Every structure is written in C-alpha cells, then in structure tokens.
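Topology and contacts: notes
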Amino acid sequence: MDAIRIHGGVPLNGEIEISGAKNAALPLMAACLLSEEPLVLSNVPALADIKTMGRLLEQHGASIETTEDGHTVTLYARKISSTEAPYDLVRKMRASVLVLGPLVAREGRARVSLPGGCAIGTRPVDLHLKALESLGAEIELTGGYVEARLPSGQKRLMGSHFTFPMVTVGGTENLLMAACLADGETVIENAAREPEITDLATCLIAMGAKISGLGSGTLTVQGVDRLHAASHSVVPDRIETGTYALAAAITRGTLKLTNTRADILDSVLDAMRQTGADVMIEDDSITVSAASGLKGVDVMTEPYPGFPTDMQAQWMALMTTADGAAMVTETIFENRFMHVPELGRFGADVNVHGASAIVRGKANLSGAPVMATDLRASVSLVLTGLASKGKTIVNRVYHLDRGYERLEEKLAACGARIERIQGV
C-alpha cells in the first residue's frame, strides 16, 4: 500500500493549476442516465472516484469514453441495461447513491445498494428516500438495498412541493435530477446551495431541463418529457483550491492558484485574511502569501456559504502553526476529528471538547509517521508534514487519490520535498 514521504520545513513557492471539482463531476456523471443522448463533460478531475462512478454507470449500460489525460469524458446512456447498482461498486463511494433518482425517473424503478465511503459520520440516505417518495416513488429497504419503483400503472414521477428538514447536498442532487423528468412542477425548499448544486443545475438546463432559483435555498423544476445532448465544463474544485491556499500559508510561502474561482470560497479566504495571510484575487486565479506571525482564528463548519466541513481538517493543521489559540467547531459530521490524534504525533497541541477542538499553535512541529483516516484528514497530515521539521510518512494515502489529482507532483513543482513510496 502506498505512502507519502515528506521532508518538511520548506516554504512553497510557485503556481498550481486547480482541477475540476470531484463533488461536482460525480452528480454530473450520474445525470447522463436521464437522457438517451450523449453528455460531454470537460474539466473532469482524473481521480479514483471518477473511475468508480464510470464503472457503475457502465453497469447500468452507459458507454464511457475518456480522453488520454482523463479530463474530458463522454457519457452515452442510450439504453439502460440494468437498474441495479450492486454492493461491490456502491460500497466504495457514497456518491453512488446519486444514480437512484435518475434511474427511477427514467426507468420507473431502481435497486441500489446502501452506500459506503469515508467513515466520518452516519450520513444516512433517509432524506434522499423521503424526497423521492414525495414524487410518488414507492420505497422499500430489503437486504441492504434500496428498492424504488413507480406505483403500478403510473408511467412517470409526479411533481411535488418538498422541504428538506435539514440541508443535504446529495439529497438535493437526487431530487433535482429526478424532478427533471417528473410530470408537473416540483418545488424544493431548504435546498443545498453549494456551488456543485448550481453546477449540476446549469448542466441540466443545458440538457433541456427547466430549473429556476439557482444558488438559492428554493429550486423550482418544471418537468419535461426528455433531456437531450449537452456539453458542460465542471466547476473548479473549491476544496482543492482551499487546500493549496492553506499549503502556502502553513509553509509561509507564496502560491498562485490558477483555473479557479474565489467567489465559491469566500468563507475560507475571509478566515485566511484574518490570520494575517495576504490573499490577492484576479479573474481566474488566487495568490496566497504568508510570513511568520499568523494568528489563530476560530471557525465553525456550516452548510454553504459557511465554512466548509471539507476544509476543517486542513484549517486545524494551519492553526497548529499559528500564534495563540483557535477553536474549530464541527457541526456537520460527528466523527470528523479522527485526525486529531495523528496531529498529536507531530507535537501539535489539540484538545477536543465535544464538537469543538481547541488548537494552541506551536512554532516547531516535528515530522512523524502518521495514518490517514479519511480524504480530508489525510491531506491535513500532508500539510502538517510540509510545515514540520524532519521526515513525515503518511500511510494509507489511497484516501488522497479519491480527491486530489497529482498531489505530490503539484506540490513538488513548488519546492516541496515529497514523494510517493511503498508503505512502511
């Protein structure tokens, strides 16, 4: 099993091109099931999760053509050959549940295994199911599978007015896709507002869907008979952008991040400015520069446009090197402090109290052997290793491959002493 070896203490300086967003690309790929015509996606990140979703869609009968660099994918679901998403594929990635809404909307039935993925919280799919039930789908849970079907004699889902009791990104995506082919109007209240939702809606509109309210908490969908071919460029990855912005700050260097957007990362960039880091925004780039004397800043994770839960671990890593203390509060997932014991191996001073962690910054951290527990936790250990004196070995980095394209290559090009090795 691969590991990453880092010799830290080197300020990063240079330019990093940001990839397309994995969390946008996955639902966009699932949207191909809504149409008999091809969907062409560009700016797709070349990641393990993208390959997993491709295999799942092929299981349903879609053909997948990918350019050599992996960044343009043509998906063609002319005919659905299977409405079952089996456990051996779904267990690898929670986003697999996003095929449920499109399959029921187009074929009138679906059998999808309950999903797996990172162990950072329960993340139940009950809200997905209640949302689809509001459109008239009959739902049954049997043997670890969700079985959804239209009532006997009914040919299409029916529009509805549904309010999510809590914000759910995946639930919003599933309901949004299903509503596109439902009869009548669907109003989605308390919809997630993440940029990835807006990106999905923009693509669906290009396919012929009628959706209004983009970027707000209320989405209105007028169902149509069919969707057609379209081309769409995936939105830049705001989490990758934020991660490399923090890499510049934690190493006290300067990085220019290109092919990205600052407007989808306001909460993180605002917090960075409060630490004393310099943030300069241009049309499609962000330059982050930091020197000594960064101060601790409290953050609390919230649904978009609040501070992203997917940036919490990275922020905690930065705070371990800041002056003073900072409180990091996690309100989205209950198990997302699993990286704290590993940060302690570097000498970091972090104390967890319920849903909050108090971080007291230190001037000198030391490299250590550490173990990744999930995707974002693993990259927080890489960041801490970059800032620490001596050698760090990050084990179980297959988590990284699910969400960061060419991580070592991008960092090494900016001066990091980092390489992939066989696990130790």
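Residues numbered from 1 in each chain as written. Predicted model: local features only at pLDDT ≥ 70, side-chain atom pairs only at ≥ 80, totals over all residues. Heavy atoms only, no water.

Quick look at the packing of aromatic side chains now. Applying the stated criterion across every chain yields a total of two aromatic pairs. Their ring planes at 85 degrees and their centres at 4.9 Å tell us that phenylalanine 162 and phenylalanine 164 sit as a pair that is edge-to-face. Of the residues examined, phenylalanine 164 reaches a relative accessible area of 1% and is grouped as buried. Aromatic side chains phenylalanine 307 and tryptophan 315 sit 5.7 Å apart centroid to centroid with 75 degrees between the ring planes, which places their arrangement in the edge-to-face category. A residue is classified by how much of its surface remains accessible, and phenylalanine 307, at 5% relative accessible area, is buried. Cation over ring: arginine 111 sits above tyrosine 145, and NZ or CZ is 3.9 Å from the ring centre. (Phe/Tyr/Trp six-rings, centres within 6.5 Å; stacked < 30°, edge-to-face > 60°. Buried < 20%, exposed > 50% of the residue type's maximum accessible area, 1.4 Å probe, protein only. Lys NZ or Arg CZ within 6 Å of the ring centre and 35° of its normal.)

Before going further, it helps to spend a moment on a positive patch on the surface. A cluster of like positive charges, contributed by Lys51, Arg55, Arg91 and Lys92, occupies part of the molecular surface. For arginine 55, the location among the structural elements is in helix α2 (residues 48-59). (Patch = residues over 30% accessible without salt bridge, like charges linked within 9 Å, V, L, I, M, F, W, Y side chains within 5 Å. Areas by Shrake-Rupley, 256 points an atom, 1.4 Å probe, with all protein chains shown as cover. Salt bridge = Lys/Arg side-chain N within 4 Å of Asp/Glu carboxyl O. Lys, Arg positive; Asp, Glu negative; His and termini not counted. Charge placed at Lys NZ, Arg CZ, Asp CG, Glu CD. Helix = DSSP H or I, 4+ residues; strand = E, 2+ residues; numbered from the N terminus.)

Take empty space enclosed by the protein next. If a probe as big as a water molecule is rolled over the atoms, it shows which places are left empty. In this structure the tally under the stated criterion is one cavity of 30 Å³ or more. Computed from the structure, the largest cavity encloses a volume of approximately 30 Å³. Its residues assigned to classes, the lining of the largest cavity comprises two nonpolar, one polar and four charged. (1 Å grid on protein atoms, 1.4 Å probe; cavity = no way out; pocket = protein on both sides within 12 Å on 5 of 7 lines; lining within 4 Å. Points joined across faces, edges and corners; volume = space filled by probe spheres on them. Nonpolar A, V, L, I, M, F, W, Y, C, P; charged D, E, K, R; others polar.)

Here the chain averages 94 in pLDDT, and 97% of its residues register 70 or above. Taken as a whole, residues 117-123 scores under 50 in pLDDT and shows 22 contacts with residues more than four places along the chain or in a different chain. (pLDDT = per-residue confidence, 0-100. Contact = heavy atoms within 4.5 Å.)

Taken in spatial order, the four strands make up an open sheet running β6-β7-β9-β8, and their pairing is mixed. One side of each edge strand has no neighbouring strand; the edge strands of this open sheet are β6 (84-85) and β8 (138-142). For strand β7 (residues 109-113) and strand β9 (residues 145-149), the ladder comprises five bridges, and the chain directions are antiparallel. By the bridge assignment for β9, arginine 111 is matched with glutamate 147. (Pairing = 2+ DSSP bridges.)

Since one α-helical turn is 3.6 residues long, residues separated by three or four positions face the same way. Within helix α10 (residues 312-319), eight of the eight residues are buried, leaving the element largely enclosed by the surrounding structure. Among the residues making up α10, those that are buried are Gln312, Ala313, Gln314, Trp315, Met316, Ala317, Leu318 and Met319.

For the rest of this paragraph, the subject is the pairing of strand β3 (residues 39-42). Side chains of β3 alternate between two faces, with Leu39 and Leu41 buried and Val40 and Ser42 left unburied. Bridge count for β3 against strand β5 (residues 73-76) is three bridges, and the pairing is antiparallel. Along β5, the bridge assignment pairs leucine 41 with valine 73. Sheet analysis places β3 next to strand β14 (residues 230-233), joined by four bridges and oriented parallel. Looking across to β14, one finds that leucine 41 is bridged to histidine 232.

Here we have four strands laid out as an open sheet, ordered β2-β15-β17-β16, and mixed in their pairing. Two strands lie at the open edges of the sheet, namely β2 (13-17) and β16 (278-281), each paired on one side alone. Averaged over all adjacent pairs, the angle separating strand axes in this sheet is 15 degrees, with direction ignored. One ladder, built from four bridges, connects β16 with strand β17 (residues 285-289); its direction is antiparallel. Bridge assignment links isoleucine 281 to a residue of β17, and that residue is isoleucine 286. Across the face of the sheet, helix α8 (residues 238-250) comes into contact with β2, β15 (254-258) and β17 while running at roughly 165 degrees to β15. Taken strand by strand, helix α9 (residues 266-275) contacts β16 and β17, and its axis lies near 140 degrees from that of β16. (Axes fitted to C-alpha atoms, helices over the stretch in contact; angles between N-to-C directions.)

Approximately 320 Å³ is the volume attributed to the second largest pocket. Lining the second largest pocket we find 20 residues, and of these Ile250, Arg252, Thr321, Ala363 and Ala387 sit closest to its centre. Among the residues forming the lining of the second largest pocket, the class breakdown is eight nonpolar, eight polar and four charged.

Let us now look at the pattern of salt bridges. Counting across every chain of the model gives 21 salt bridges. Across the pair arginine 149 and glutamate 140 runs a salt bridge, and its minimum N-O distance is 3.9 Å. Its relative accessible area of 30% is what places arginine 149 among the partly exposed residues. Arginine 406 is the partner of glutamate 409 in a salt bridge, and the nearest nitrogen-oxygen pair spans 2.9 Å. Classification of arginine 406 as partly exposed rests on a relative accessible area of 39%. Through salt bridges with shared partners, one network takes in Glu84, Arg111, Glu140, Glu147 and Arg149.

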